[in-house]
Amino acid sequence: VLSTPVARPTSPPPSLRAMKPAARAALLALLPAAAAVTPLQKVVSMLDSMLAKGKAEKHEEEVEFARFKVWCDTTREQTQKSIDE
């Protein structure tokens, strides 16, 4: 008896593609092992996680730079005030 092969989706459904990368990665991780993830889906998931990590690191760097800029401005003002006196 020949069985009909089960068609497996090659890409996530449109509703899953419209999600934010972190949420999509979380949902893809929850899928049962029976729904085999293709190598391309793994790459897309890895790129999504890299993007989220990059955005978080960028934000941290912006915050740190803002603190450094405040310190520089304050030090410059104090030094100029000391020189003027």
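Here is a short report on the structure shown in this document.

Let us now look at the pattern of salt bridges. Per the counting criterion, the structure on display carries three salt bridges. In this structure, the salt-bridge partner of Glu-64 is Arg-67, at a minimum N-O distance of 3.3 Å. With Glu-64 and Arg-67 both in helix 3 (residues 39–84), this residue pair falls three residues apart, about one helical turn. On the basis of relative accessibility, which here comes to 46%, the residue Glu-64 falls in the partly exposed class. For Lys-69, the salt bridge goes to Asp-73, with nearest N and O atoms at 3.0 Å. Separated by four residues within a single helix, Lys-69 and Asp-73 lie in helix 3, roughly one turn from each other.

What follows covers the packing of aromatic side chains. Counted by the stated rule, this structure contains one aromatic pair. Seen from their ring centres, Phe-68 and Trp-71 are 6.0 Å apart, and the 25° between their planes marks the pair as stacked. A residue pair is termed a helical-turn pair when its members lie 3 or 4 positions apart in one helix, as Phe-68 and Trp-71 do in helix 3 at three residues. Trp-71 sits in the exposed class, given a relative accessible area of 54%.

About the criteria used
Residues numbered from 1 in each chain as written. Predicted model: local features only at pLDDT ≥ 70, side-chain atom pairs only at ≥ 80, totals over all residues. Heavy atoms only, no water. Salt bridge = Lys/Arg side-chain N within 4 Å of Asp/Glu carboxyl O. Helix = DSSP H or I, 4+ residues; strand = E, 2+ residues; numbered from the N terminus. Buried < 20%, exposed > 50% of the residue type's maximum accessible area, 1.4 Å probe, protein only. Phe/Tyr/Trp six-rings, centres within 6.5 Å; stacked < 30°, edge-to-face > 60°.

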